Amino acid sequence: MQTYPHLLAPLDLGHVTLPNRVLMGSMHTGLEETKDWNRVAEFYAARARGGVGLMVTGGMAPNREGGVFPGAAGLFTPDDIANHRIVTDRVHGDGGRIAMQILHAGRYAYSPECVAPSAIKSPISPFRPKELDEAGIEKQIADIATAAARAREAGYDGIEVMGSEGYFLNQFLVTHTNKRTDGWGGSYDNRMRLPIEVVRRVRAAVGADFIVIYRLSMIDLIPDGSTWAEVVTLARAIETAGASILNTGIGWHEARIPTIATSVPRRAFSWVTKKLMGEVGIPVVTSNRINTPEVAEAVLADGCADMVSMARPFLADADFVAKAQAGRAAQIAPCIACNQACLDHTFAGKLSSCLVNPRACHETELPIIAAETPHRVAVVGAGPAGLAAALTAAERGHAVTLFDRAGRIGGQLNMARVIPGKEEFHGLVEWYETMVAARGVTLRLNCDATPDDLTGFDDIIIATGVLPRDPAIPGQDGPNVVNYIDVLRHGAAVGDRVALIGAGGIGFDVAEFLTQAGESPTLNLDEWLAEWGVADPAAQRGGIAPEGPQPEKPARQVTLVQRKAEKLGKRLGKTTGWIHRATLAMKGVTMIGGVNYERIDARGLHVTFGEDRRDPTCIEVDTIVLCAGQVSERGLADQLRERGIAHHVIGGADVAAELDAKRAIDQGVRLAATL
Ligand code: NAP
Ligand code: SF4
């Protein structure tokens, strides 16, 4: 059995000893804004029961102007204190510890009332902030200190002062956002006064026996960001001001370098935190793209930090630590860093959840309860929808048989895993394999299930997925045309010049697959850092390489084509679409929208533009790959219907339009929860 001696070692903070080195990092889930405090409490309590050493809440505003958006949750009134008490009582009742993050958004606040050191609008907000005067700055400090005192009153074990990611305190630190000429601007000593004063006043407000975490931006990844010498100076001053723990922030929100997406290598920034080790006496926490106990253990064993922060992995699996402790690490549902159900939801104003675990933030609404009468359940199709349904049904005590015509489970996930930058899907398929065995699901692989195979079951779930859509373009049956399945699953030969028909998620994936020569940068940290232009902050201010991004030469010349006249990739994930677009731009991919497909011949793909079919053009290529979306595979469902056999249809077999694994898994879990 694998043990995690560094990760599971206690951490003595003086007045309190944390049971292990795992911190659940702050996440804005939207739960607090539902005002259903029982629901908030159950979210955190489930993670407390799962053994995490210390949790940090989503960011709580210290005042109206500092809220991330109007109405953002905070801790302003006696009622607020009572509500937060529900959470802390429940967490403590389940043996956990919880700190409240105080988040002042500064110029990132989505509000015309936002305030900042200088009146400079951020590139990610429509509002120009008001420049604070001396009294205004004092008010912000006092409000943050008051919020900390209220947090103590509400029963929290500590607070985290959010000083990174380009929020309010971070905005004072760098000349990029601080152009002041008074005592709060100019020299670094002046610019760092605010964070230091905040920590000093917070400590004075909460007393000695209370955890004060300061989240410090270790590498800003923006022009005119902090130097490494400034980071160290600040860290020491924050320690002196009274912080108990230094947490890590990587990159401002406006940075154009990915920091947490799935294509970012695992533990990509632990080398930055390592530089701070030995510079301060308080524990240092590292973060970003750490999602398994093995990686977390290695980070600590390598001396990169005293503690590891993971946030999204606790959406994927509340029992991360307990399973690691019990030697069941292979059963930890992996966070694949897709952002699809967490951050993408947050930025769309929706409640967070998790693609892999739809119960995240829905603990009270979607309970998985043992079935009163065990059924015999057949699930056909071992893609995400079928797997989710089968595992949930089995968890409830049903006897489940899972059929798939392929030789292994995973369905479309097996195509995703070959895409450079999507290596996390390997872990997801392996987790499903582990769980299918652990929950005793009977697997019938290489079996094209027929209605006769499905007799004798109490419930039949059809999750047969999708088939590629036929775009019916004249000439598409020529030898120079293949589809995405031929390329990703069967390794079809593709020439040097390629046109992709369709620019949805799969068109973008295939473009990344075909332009990548050799090893994926996600598996090679040095290459990835060079590709995105990340430098050592000790050498370059803010960690921005002066030479800019240095992508590898593309393996092929790719043209991505769609009929819609809008920007290609516009409908990709809210928080990750820009990364895919930037990656393809770096690989020299040509993007053409607004076309009509006229025909394909040996020269290539013939298109025209607009309703009047003007500007006939031949995109001269060797190979054309069809990525034109999908239609539902309902053959078996239709046969069952014709025979009058009751069944459920889920996933792509149900709705192919806008299909993604998030919806498929959610639908599978919800159905199985009701059987
Ligand atoms: P999709 O997103 O629906 O895109 C289909 C593409 O085909 C569009 O570009 C569409 O553009 C084009 N198209 C549709 N009908 C066509 C026709 N009759 N002839 C020619 N072109 C046609 O589907 P997908 O790319 O196959 O992806 C399927 C799902 O998997 C996605 O919805 C996504 O959720 C998921 N996925 C997600 C990711 C991700 O990164 N998050 C990656 C892969 C897959 P026009 O209609 O403008 O031509
Ligand atoms: Fe991780 Fe994706 Fe789940 Fe978010 S939705 S927690 S990124 S697996």
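Residues numbered from 1 in each chain as written. Chains lettered and ligands numbered in written order. Predicted model: local features only at pLDDT ≥ 70, side-chain atom pairs only at ≥ 80, totals over all residues. Heavy atoms only, no water.

Caption draft 1: Molecular detail of the site of ligand 2. What surrounds ligand 2 is the set Arg312, Leu315, Cys335, Ile336, Ala337, Cys338, Asn339, Ala341, Cys342, Cys354, Leu355 and Val356. Cavity membership is defined here by more than half of the atoms lying within 2 Å of grid points; on that basis ligand 2 lies in the second largest cavity. Of the residues that constitute the shell around ligand 2, the class distribution is ten nonpolar, one polar and one charged. (Near = heavy atom within 4 Å. 1 Å grid on protein atoms, 1.4 Å probe; cavity = no way out; pocket = protein on both sides within 12 Å on 5 of 7 lines; lining within 4 Å. Sits in = over half its atoms within 2 Å of the grid points. Nonpolar A, V, L, I, M, F, W, Y, C, P; charged D, E, K, R; others polar.)

Caption draft 2: Broad picture of the pattern of salt bridges. Scanning the entire structure with this criterion turns up 39 salt bridges. Of the charged contacts, one joins aspartate 89 and arginine 85 as a salt bridge, the two residues approaching to 3.6 Å between their closest N and O atoms. Of this pair, aspartate 89 and arginine 85 are both found in helix H3 (residues 78-93), four residues apart, which corresponds to roughly one turn of the helix. Residue classification places aspartate 89 among the partly exposed positions, given a relative accessible area of 43%. For arginine 85, a relative accessible area of 34% corresponds to the partly exposed category. Between glutamate 138 and arginine 201 there is a salt bridge, with its nearest N and O atoms 2.7 Å apart. With glutamate 138 in helix H4 (residues 134-153) and arginine 201 in helix H7 (residues 193-206), this pair connects stretches of sequence that are 63 residues apart. Residue classification places arginine 201 among the partly exposed residues on the basis of a relative accessible area of 22%. One continuous salt-bridge network, built from bridges that share partners, spans Arg39, Glu365, Asp666 and Arg670. (Salt bridge = Lys/Arg side-chain N within 4 Å of Asp/Glu carboxyl O. Helix = DSSP H or I, 4+ residues; strand = E, 2+ residues; numbered from the N terminus. Buried < 20%, exposed > 50% of the residue type's maximum accessible area, 1.4 Å probe, protein only.)

Caption draft 3: Local environment of helix H2 (residues 37-49). Along its 13 residues, H2 runs 18 Å from first to last C-alpha, staying within 8% of the 18 Å computed at 1.5 Å per residue. Within H2, eleven of the 13 residues are buried, which leaves the element mostly enclosed by the surrounding structure. Where H2 is buried, its residues contact strand E3 (22-24), helix H1 (31-34), strand E4 (54-60), H3, strand E5 (98-102) and helix H11 (313-316). (Expected span 1.5 Å × (residues − 1). Contact = heavy atoms within 4.5 Å.)

Caption draft 4: Focus on the domain arrangement of the protein. Partitioning the protein into domains gives domain 1 (11-325), domain 2 (376-467 + 631-672) and domain 3 (470-517 + 553-628). Centre-to-centre, using C-alpha coordinates, domain 2 lies 30 Å away from domain 3. The partner domain 3 presents nine residues to the seven residues of domain 2 that form the contact. Both faces combined, the contact of domain 2 with domain 3 buries some 840 Å², and carbon together with sulfur accounts for 64% of it. Considering only the side of domain 2, the residues that lose the most area to domain 3 are Met415, Ile419 and Pro420, jointly responsible for 59% of the buried surface there. Where domain 2 packs against domain 3, one counts one salt bridge. Of the charged contacts in the structure, one is a salt bridge between aspartate 509 and lysine 422, with a shortest N-O distance of 3.1 Å. Considering only residue class, the side of domain 2 that touches domain 3 consists of four nonpolar, two polar and one charged. (Domains from an automatic or database assignment. Buried area = accessible area lost by both parts, 1.4 Å probe.)

Caption draft 5: Spotlight on the side chain of arginine 215. Mapped onto the secondary structure, arginine 215 falls in strand E9 (residues 211-219). Among all residues touching arginine 215, those that are not within four sequence positions of it are Gln101, Glu160, Val161, Met162, Gly163, Ser164, Glu165, Asn247, Thr248 and Gly249.

Caption draft 6: Expanded view of the packing of aromatic side chains. Within the structure shown, the criterion is met by nine aromatic pairs. Ring geometry for phenylalanine 269 and tryptophan 528: centres 6.1 Å apart, planes at 85°, overall edge-to-face. Of this pair, phenylalanine 269 sits in the loop between strand E10 (245-250) and helix H9 (270-274) while tryptophan 528 is found in helix H19 (residues 525-532), placing the two residues 259 residues apart along the sequence. Tryptophan 528 shares its class with phenylalanine 269; the two are buried. (Phe/Tyr/Trp six-rings, centres within 6.5 Å; stacked < 30°, edge-to-face > 60°.)

Caption draft 7: Broad picture of the layout of surface pockets. Its volume calculated, the second largest pocket comes out at about 570 Å³. Ala316, Asn357, Arg359, Glu395 and Arg439 are the residues nearest the centre of the second largest pocket, which is lined by 27 residues in total. Only H2, helix H14 (384-395), helix H16 (424-438) and helix H22 (661-672) provide two or more residues apiece to the lining of the second largest pocket. Looking at the lining of the second largest pocket residue by residue, the class counts come to 14 nonpolar, three polar and ten charged. (Points joined across faces, edges and corners; volume = space filled by probe spheres on them.)

Caption draft 8: Geometry of the pairing of strand E20 (residues 557-561). Burial within E20 is extensive, with four of its five residues counted as buried. Direction of pairing for strand E19 (residues 497-501) relative to E20: parallel, over a ladder of five bridges. From the neighbouring strand, isoleucine 501 faces E20, where its bridge partner is valine 561. Pairing between E20 and strand E21 (residues 590-592): three bridges, direction parallel. In the sheet register, threonine 559 faces E21, and the bridge partner there is threonine 590. (Pairing = 2+ DSSP bridges.)

Caption draft 9: Main features of the site of ligand 1. In the vicinity of ligand 1, 21 residues are found, and the nearest of them are Ala503, Ile506, Lys564, Leu659 and Asp660. In the environment of ligand 1, a nitrogen atom lies 3.0 Å from a nitrogen or oxygen atom belonging to the side chain of arginine 469. One nitrogen or oxygen atom from the main chain of lysine 564 is found 2.8 Å from an oxygen atom belonging to ligand 1. Look at ligand 1: alone it shows 890 Å² of surface, and the protein chains cover 80% of it. Per element, the largest residue contribution to the shell around ligand 1 is three residues, and it comes from helix H18 (residues 505-515). Taken together, the residues that form the shell around ligand 1 break down as seven nonpolar, seven polar and seven charged. (Polar contact = N/O pair within 3.5 Å; in protein donor to acceptor, adjacent residues only side chain to side chain. Areas by Shrake-Rupley, 256 points an atom, 1.4 Å probe, with all protein chains shown as cover.)

Caption draft 10: A look at the sheet that holds strand E14 (residues 399-403). Read from one edge of the open sheet, five strands run E15-E14-E13-E16-E27, paired in parallel fashion. On the outer flanks of this sheet lie strand E15 (442-444) and strand E27 (648-649), each paired with one strand and no other.

Caption draft 11: A look at the packing of H7 against helix H8 (residues 228-241). Between H7 and H8, the shortest axis-to-axis distance is 8 Å and the interhelical angle comes to 20°. Between H7 and H8, the crossing angle belongs to the class labelled roughly parallel. Seen from above, H7 lies across H8 with right-handed handedness. Between H7 and H8, the contacting residues are Pro195, Ile196, Val199, Arg200 and Arg203 on the first element and Leu234, Ala237, Ile238 and Ala241 on the second. Of the residues contributing to the contact of H7 with H8, the split by class is seven nonpolar, no polar and two charged. (Axes fitted to C-alpha atoms, helices over the stretch in contact; angles between N-to-C directions. Parallel < 35°, antiparallel > 145°, perpendicular 65-115°, else oblique. Left-handed = near helix turned anticlockwise from the far one by under 90°.)

Caption draft 12: Structural detail: the sheet that holds strand E25 (residues 623-626). A sheet is described by the order of its strands in space; here five strands give the open sequence E18-E25-E19-E20-E21, paired in parallel fashion. Two strands close off the open sheet at either side, each with one partner strand: strand E18 (481-483) and E21. Neighbouring strand axes in the sheet, compared pairwise and without regard to direction, differ in orientation by 25° on average.

Caption draft 13: Expanded view of unusual backbone geometry. The residue lysine 35 is not glycine, and still its phi comes out positive at about 65°. Topologically, lysine 35 is positioned in the loop between H1 and H2. One non-glycine residue with positive phi stands out, namely aspartate 224, at about 60°. Residue placement: aspartate 224 occurs in the loop between E9 and H8.

Caption draft 14: The arrangement of H16 in detail. Over its 15 residues, H16 runs 21 Å from end to end, which matches the ideal 21 Å to within 8%, given 1.5 Å per residue. Where H16 is buried, its residues contact H14, E14, helix H15 (413-416), E15 and H22.

Caption draft 15: View of the environment of alanine 499. The topology assignment puts alanine 499 in strand E19. Using a relative accessible area of 0% as the deciding quantity, one classes alanine 499 as buried. Separated by 105 residues in the primary sequence, alanine 499 and glycine 604 have C-alpha atoms spaced 8.2 Å apart. Each residue touching alanine 499, except ones within four places of it in the same chain, is listed here: Thr559, Leu605, Ile619, Val621, Thr623, Ile624 and Val625.

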